[in-house]
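Spelled out, the chains give:
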Protein chains: 2
Amino acid sequence: MSTPGRGTGATPASDLGERGLIERIRRMLPSPPPDLLVGPGDDAAVVRPERGAFDILTTDALVEGVHFDFSFSTPTDVGHKALAINLSDVASMGGTPRFALLSLMIPASCSLEAFDGLLEGFLTLAGRSRVAVAGGNISRSPGPLVVDVTVTGSARPRKILTRAGGRPGDRLYVSGTIGASSAGLWWLQRHAGAGEVAEPDGAVLACVQRHRRPEPRVRLGAVIGRTRAANACMDLSDGLADAIRQVAEASGTGARIEADRLPIDQGAREIFSGAGKDPVESALAGGDDYELLFAVPARFKGRFRAAGRLAQGLSLTHIGELTADRSLVVIQNGTEAALPHGFAHF
Amino acid sequence: MSTPGRGTGATPASDLGERGLIERIRRMLPSPPPDLLVGPGDDAAVVRPERGAFDILTTDALVEGVHFDFSFSTPTDVGHKALAINLSDVASMGGTPRFALLSLMIPASCSLEAFDGLLEGFLTLAGRSRVAVAGGNISRSPGPLVVDVTVTGSARPRKILTRAGGRPGDRLYVSGTIGASSAGLWWLQRHAGAGEVAEPDGAVLACVQRHRRPEPRVRLGAVIGRTRAANACMDLSDGLADAIRQVAEASGTGARIEADRLPIDQGAREIFSGAGKDPVESALAGGDDYELLFAVPARFKGRFRAAGRLAQGLSLTHIGELTADRSLVVIQNGTEAALPHGFAHF
């Protein structure tokens, strides 16, 4: 099996030492934005807060063997995803990301080539998302590769989307499609075997790509926050069923979801059906999609759709409602069932 | 050997799952300060920036087997130190710490008792330093325990202390004493053997305690920044020799240090001398003291000493000068020698 960064003869990244690696990263960075007053290289970074806004802070890590596997993902994929999952958290608060701190724990098996690939994935998404690397930390790891990222962002007062803002009667909308990432991972695990992973094509390839490089809904979250078009929001890191459960619990409501409305990815349907799994249940439970779930007051539905059109051309699908009754149900073929449980990253 | 958290029959912390552990932490937290608008439990935290100040951002990790060893430190020590090293970075910028994010990667061998101990060490220091836990992340680890911390702080414009602000002729001052932490670690490693670590006493105990629970110079850094009593500052995470080298390089100067002036800890002198090591060289090279090094213009020395008196009753020792000549020298017994290299945590 091809395991990037473990080829014989490759230079271990750790040979460069902490300062050598930090210097290597600094040479890859674009010129800093004016609000980054002290960047990487000092004891800490100094940034100018956005005037009149609150700071958003989030941290999330990818751990080799827990969240990713170099049999299925390249170092560039991992670098991308480590930033993406944090950008998704800022977006789900209605915020705009600004700065990132990159904390790496590097095993002896990590080659300099893998290190460079990881940084490339991270910095390409950072550039596209207008996020500047403000600092970080590099350590050896006697175990797995760990990519731990902190992202800061900003949002105006009263334009922050928490999980807890939902009200009974709010419509639930989900962006994009669901199920693709977990279907892609399932396909990779099934086709890994002892040799090279077969490269998928068509709709299956799209699922594999969603698993490898999820696209955080940075613009959508910021636009919906800024226009105050939703009462609550959460990202789908642990799956749609989990997000519905969390928003309903935090908001003190229940939820009713209509299975027929769910925007299940076409490739995911194919993969799940081919595996004899129920596509609805699998797509609801599957994690790692990084779409956004919104609770929208009925009177704001026009504003919500108008705001959504400004963002990345993503579909926004009405999938159900928050309810005064605290139960969590899925309606399918005229019958009610309990909402399945989600996916645990831990 | 006693390895905390690995006793037979102990409940593994990971049995509680990510949400169970987050809920456990939330119950340990004091009530949030008014500037923490959204705390742990949502996708991200929301905080109010300090009016008219810049944000300081820093991240630093402790990795089991690299930065600590449960043969020498308790989980409580590790929790304390993981926050302390980040507070030290904020202090060295002249800032005041405000919020922390705690990212934990927990191996199956970590007991719930060890988890609680770690949190206790972290939260006790946080409370004492007026730092609020704004959020974090918990993941399983297939390898070492990793405690990765991000701390944010604030500092007024033009009151930030970077490494680069030093000028030729500035006096170099160091807070407290040096060498204690590395001497304490050396003593522990020497006395570990196959059984229990013998408990040291007196001056040696103080060194061991400095290794286990370094005290970040939070108030000193903030006061010297606020009063603009220094041109440059850095903390001694990688030792005094390294800090002198970094400040001189960033400031475009050299440095001359007088060995006789160095405030070498008395216990460290005993340990180093007993081991047949040169106390000056060992204390200069030894890491983990978390004291602060300042470059102070000669005309500010009164202001600097007055400001220093406000902070923790710490001694501030004049150890040498920054020089226009770029060389880095130590004067001892009338002869010049090159500054030794520091300690690499990596």
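Residues numbered from 1 in each chain as written. Chains lettered and ligands numbered in written order. Predicted model: local features only at pLDDT ≥ 70, side-chain atom pairs only at ≥ 80, totals over all residues.

### Comments concerning the relation of the copies chain A and chain B
Inference 1: The two copies are related by a screw motion: chain A maps onto chain B through a turn of 180 degrees and a shift of 0.0 Å along the axis, at an RMSD of 0.0 Å. Both copies are brought into coincidence by an operation consistent with a two-fold rotation axis. Scanning chain A for the C-alpha nearest the rotation axis identifies Gly143 of chain A, at a separation of 2.2 Å.
Inference 2: Take the interface residues of chain A: 100% of them recur as interface residues in chain B, which is what a same-surface contact looks like. (Least-squares fit on C-alpha atoms with pLDDT ≥ 70 in both. Contact = placed C-beta atoms within 7 Å.)

### Details of the environment of Ala250 of chain A
All names here are of chain A.
Inference 1: Along the chain, Ala250 falls in helix 7 (residues 240-251).
Inference 2: What makes Ala250 partly exposed here is the crowd of 17 C-beta atoms within 10 Å.
Inference 3: Residues Ala250 and Arg163, 87 residues apart in the sequence, show an inter-C-alpha distance of 5.9 Å.
Inference 4: Ignoring anything within four residues of it in the chain, the contact list for Ala250 reads Arg163 and Ala164. (Helix = DSSP H or I, 4+ residues; strand = E, 2+ residues; numbered from the N terminus. Buried ≥ 20, exposed ≤ 12 C-beta atoms within 10 Å, placed from the backbone.)

### Looking at the sheet that holds strand 3 (residues 54-63) of chain A
Inference 1: A sheet is described by the order of its strands in space; here six strands give the open sequence 5(A)-4(A)-6(A)-3(A)-2(B)-1(B), paired in mixed fashion. What marks the edges here is a single partner per strand, and that holds for strand 5 (132-140) of chain A together with strand 1 (36-38) of chain B. The average angle at which neighbouring strand axes cross in this sheet is 20 degrees, direction not considered.
Inference 2: Pairing geometry for strand 1 of chain B and strand 2 (residues 45-47) of chain B, over two bridges, is antiparallel. From the neighbouring strand, Val38 of chain B faces strand 2 of chain B, where its bridge partner is Val46 of chain B. (Pairing = 2+ DSSP bridges. Axes fitted to C-alpha atoms, helices over the stretch in contact; angles between N-to-C directions.)

### Describing the sheet that holds strand 2 (residues 45-47) of chain A
Backbone hydrogen bonds hold the strands of a sheet together, and the pairing may be parallel or antiparallel.
Inference 1: With respect to topology, six strands assemble into an open sheet ordered 1(A)-2(A)-3(B)-6(B)-4(B)-5(B), the strand pairing being mixed. Only two strands of the sheet have a single partner each, and these edge strands are strand 1 (36-38) of chain A together with strand 5 (132-140) of chain B. Going from strand to strand, the sheet's axes swing by 20 degrees on average, the running direction of each strand aside.

### With respect to the interface of chain A and chain B
Inference 1: Between chain A and chain B, the residue contacts involve 53 residues of the former and 53 residues of the latter.
Inference 2: In terms of residue count, strand 3 of chain A provides more of the side of chain A that touches chain B than any other element does, nine residues in total.
Inference 3: Across the side of chain A that touches chain B, the residue classes break down as 27 nonpolar, 15 polar and eleven charged. (Nonpolar A, V, L, I, M, F, W, Y, C, P; charged D, E, K, R; others polar.)

### Re the domain arrangement of chain A
Residues and elements named next belong to chain A.
Inference 1: According to the domain assignment, chain A contains domain 1 (13-155) and domain 2 (171-338).
Inference 2: Centre-to-centre separation of domain 1 and domain 2, based on C-alpha positions: 26 Å.
Inference 3: Secondary-structure elements contributing two or more residues to the side of domain 1 that touches domain 2 are helix 2 (75-92) and strand 4 (96-106).
Inference 4: For the side of domain 1 that touches domain 2, the leading source of residues is helix 2, giving ten residues. (Domains from an automatic or database assignment.)

### Digging into helix 5 (residues 202-212) of chain B
Inference 1: The set of residues buried in helix 5 of chain B consists of Val204, Cys207, Val208, Arg210, His211 and Arg212 of chain B.
Inference 2: Where the residues of helix 5 of chain B are buried, they touch helix 2 (75-91), helix 4 (180-192) and helix 8 (266-274) of chain B.

### Considering the nonpolar core
Inference 1: Formed by 218 residues in total, the largest nonpolar core has its most connected members in Ala100, Ile244 and Leu293 of chain A together with Ala100, Ile244 and Leu293 of chain B.
Inference 2: Setting aside residues up to four positions removed in sequence, Ile244 of chain B forms contacts with Leu172, Ala255, Ile257, Leu293, Leu328 and Leu339 of chain B. (Core = buried A, V, L, I, M, F, W, Y, C linked by C-beta atoms within 7 Å.)

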